[in-house]
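# Descriptive structure summary
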Amino acid sequence: MGGLRYLYLTSMKNRIKRALHKPVTYVYLLIGIFYIGFLASALGPMLTQWGMDTPKGLVFILSFVCCFFTPAGLASYAKRKGMLFRPSDVHFVFSSPVNPKTVLVYTQLKQYLMGFVLNSALAIIGIVFFEIAPWKMALYFVLTFVVQNILESSLVVLLYGNERFSDNTMKWVARGLYLLIAALLLFAAYLFFFVEPSFAVLGLFLDHPFVQCIPIIGWNIAFIRLLILGPTTVNVICTILYLVSACLLFVLAKRMKCTGAYYEDAMKFADDYQELLNKKMQGESGRLGKKQSFKQASVEYKGGGAKAIFYRQLLEYKKNRTFIFSWMTLVNLAVSGFLIYAVVTGKKEGLDMTAQYFLLPGAAAYIAFLFSAYKTKWAKELENPYTYLIPDTPFRKLWYATLMEHIRAVIDGLALILPFAIAVKMSPVLILLNLLLYVCLLGNKLYFNVLSEALLGDVLGATGKSFLRMFGQMIVISLAIIIAVIIWALTESYELAFCGILVYMIIITVLLAIGGSFSFSKMEAL
């Protein structure tokens, strides 16, 4: 264990030293400080507005995380997934004369460090924003950090390092944990439809004794409630069970036989995960650990020049079983349903819904700002030498390389806009303007990516370019909001306000596209 500790500390020390020699580290640091300051200034008023600036509000947030994220994590361990080993671990740690169970604990060290940071932050946030006594948060920090780490490490060893039960048995364990999530969702749905048909059902659900009585997960919630809110009969009993289970699982993990049979699965998962990341970075789809199956498809090429890029991408999408539809289509449908619910509820409660039509562009801006940080298929074209040999202008190459993304944006935009438009009886003109605005917002994000690739290359890395894109989009969207508010205040016309935003967004998007087309001029530009 001493050798592993030395390896971990030395690796971390060297990583910090290398980071301090890179100027981009200080850029990230400034962005992080600014972001933390922004969150700190916005968190208090937001919690007050939602009525969650109390100890019960913090318990609500922590309980929600325990309920819906812990089972999925345990299921990944049962399937021998969820733990990533680096190439250095494969070469040095796996072959070292160390107990395989110790290797699993060593791999968890990063999570222990992250848990220490998060628990420290939670302790400070609980005192400052949730009005919890400092001694309570100090007790929560110490006990939670110690007990949770013992429990989680024991479960990792028992599930990941298991050699007694067959793979099929462990798959059923994972399925059981997913069924537990499904049962919790069904119980929440029952409370929503038959007890409290509003968002207050979340509080009712997480406060319910049934949830606290669920082994491990519910007992953890009871443990948190006891530390922060005080004792009740249910949370005292469940906390005792939680502590006993932590001790029992620790003893079982220590006595369990483990010879390192998981090494092969761990290496395979690491390779599959890296391959999936590489595909995502190039805009390709895939599933972890599974080869993607394709349909037979054909396409008729029409025209010449850079159009060949578009038709090749169209052929790739036609081979996919979901064609151009993606998980974003489902997200947009869900967001549209949420907006409909918000409008209907607001009208029932007598709220002024004059500006309800601005909910759609607000949701579209939020989606464009936060989602789809990975490159799409246009980035793959930059790696194809024939792209630069096509006798066409760089702008046309860029346009046809990104045209499929605009078509996908139209489909996803319709999923967001049409249900809401039908529910609020929006005029066809506003539907069209909203759709064009959604396409422009996603095009704006797309060409920010292209421009950052052309200007920066690999200077800032993927994370740095993502931050740059988000910062640029934040400025553009903020100016668009100001333009919309000014036009609507002067004319009280939704159509003119949307037209103003649309003209502004088209101009910005075209300028970004012209700047980004430099990437397609010559290979040396990269």
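You'll find the structure just up there.
Structural notes, computed from the coordinates. (Residues numbered from 1 in each chain as written. Predicted model: local features only at pLDDT ≥ 70, side-chain atom pairs only at ≥ 80, totals over all residues. Heavy atoms only, no water.)

### Some remarks on the packing of aromatic side chains
The final tally for this structure, using the stated rule, is seven aromatic pairs. On the numbers, 5.7 Å between centres and 75° between planes, the contact of phenylalanine 116 with phenylalanine 145 is edge-to-face. With a gap of 29 residues between them, phenylalanine 116 in helix α6 (residues 109-129) and phenylalanine 145 in helix α7 (residues 134-160) connect regions that are remote in the sequence. You can call phenylalanine 116 partly exposed: its relative accessible area is 40%. A residue is classified by how much of its surface remains accessible, and phenylalanine 145, at 22% relative accessible area, is partly exposed. Aromatic rings pair up to connect Phe116, Phe141 and Phe145 into one cluster. (Phe/Tyr/Trp six-rings, centres within 6.5 Å; stacked < 30°, edge-to-face > 60°. Helix = DSSP H or I, 4+ residues; strand = E, 2+ residues; numbered from the N terminus. Buried < 20%, exposed > 50% of the residue type's maximum accessible area, 1.4 Å probe, protein only.)

### Re the environment of arginine 164
Along the chain, the position of arginine 164 falls in the loop between α7 and α8 (167-194). Since its relative accessible area comes to 75%, arginine 164 is described here as exposed.

### Remarks on the nonpolar core
Among the nonpolar cores identified, the biggest contains 57 residues, and Phe85, Val103, Phe205, Ile228 and Tyr262 are the most heavily contacted of them. Among the elements that line this core, the one with the most residues is α7, at 10 residues. Apart from the residues lying within four places of it in its own chain, the contact partners of phenylalanine 85 are Phe94, Val103, Leu104, Thr107, Tyr160, Tyr262, Ala266 and Ala270. Counting 51 residues, the second largest nonpolar core, distinct from the first, contains Met328, Val343, Phe448 and Ala484. (Core = buried A, V, L, I, M, F, W, Y, C linked by side-chain atoms within 4.5 Å. Contact = heavy atoms within 4.5 Å.)

### With respect to empty space enclosed by the protein
One pass over the structure, following the stated rule, counts one cavity of 30 Å³ or more. Considering only enclosed or pocket space, the largest cavity measures out at about 40 Å³ in volume. Around the largest cavity, the lining residues are Leu360, Pro361, Ala364, Leu416, Ile417, Asn434, Leu437 and Tyr438. The residue inventory of the lining of the largest cavity, partitioned by class, reads seven nonpolar, one polar and no charged. (1 Å grid on protein atoms, 1.4 Å probe; cavity = no way out; pocket = protein on both sides within 12 Å on 5 of 7 lines; lining within 4 Å. Points joined across faces, edges and corners; volume = space filled by probe spheres on them. Nonpolar A, V, L, I, M, F, W, Y, C, P; charged D, E, K, R; others polar.)

### Some thoughts on a positive patch on the surface
A surface patch of like charges, here positive, comprises Arg15, Arg18, Lys22 and Lys110. With respect to the helices, strands and loops of the structure, arginine 15 is situated in helix α1 (residues 2-20). Accessibility expressed as a relative area gives 41% for arginine 15, which makes it partly exposed. (Patch = residues over 30% accessible without salt bridge, like charges linked within 9 Å, V, L, I, M, F, W, Y side chains within 5 Å. Areas by Shrake-Rupley, 256 points an atom, 1.4 Å probe, with all protein chains shown as cover. Salt bridge = Lys/Arg side-chain N within 4 Å of Asp/Glu carboxyl O. Lys, Arg positive; Asp, Glu negative; His and termini not counted. Charge placed at Lys NZ, Arg CZ, Asp CG, Glu CD.)

### Here's the deal with a nonpolar patch on the surface
A cluster of nonpolar side chains, Phe34, Tyr35, Phe38, Leu39, Phe471, Met474, Ile475, Leu479, Ile482, Ile486 and Leu490, forms an exposed patch at the surface whose accessible area comes to about 1,100 Å². Mapped onto the nonpolar patch, the elements with two or more residues apiece are α2 (23-50) and α21 (461-491). With seven residues, α21 is the largest single contributor of residues to the nonpolar patch. One can find phenylalanine 471 in helix α21.

### Overview of the pattern of salt bridges
With the rule as written, the count across this model stands at four salt bridges. Between glutamate 405 and arginine 408 there is a salt bridge; the shortest N-O distance is 3.5 Å. Here the residue glutamate 405 and the residue arginine 408 both occupy positions in helix α19 (residues 394-424), the gap between them amounting to three residues, near one helical turn. Both residues of the pair, glutamate 405 and arginine 408, belong to the buried class. One salt-bridge network, in which partners are shared between bridges, spans Lys56, Asp207 and Arg225.

### A short note on the packing of α6 against α7
Taken N-terminus to C-terminus, the directions of α6 and α7 make an angle of 160°; their axes are 9 Å apart at the nearest point. The orientation of α6 relative to α7 falls into the category roughly antiparallel. Judged by the sense of rotation from one axis to the other, the crossing of α6 with α7 is right-handed. Residues Gln111, Tyr112, Gly115, Phe116, Asn119, Ser120, Leu122, Ala123, Gly126 and Ile127 of α6 touch α7, and the partners they reach there are Pro134, Met137, Tyr140, Phe141, Thr144, Phe145, Asn149, Glu152 and Ser153. Residue composition of the contact of α6 with α7, grouped by class: 10 nonpolar, eight polar and one charged. (Axes fitted to C-alpha atoms, helices over the stretch in contact; angles between N-to-C directions. Parallel < 35°, antiparallel > 145°, perpendicular 65-115°, else oblique. Left-handed = near helix turned anticlockwise from the far one by under 90°.)

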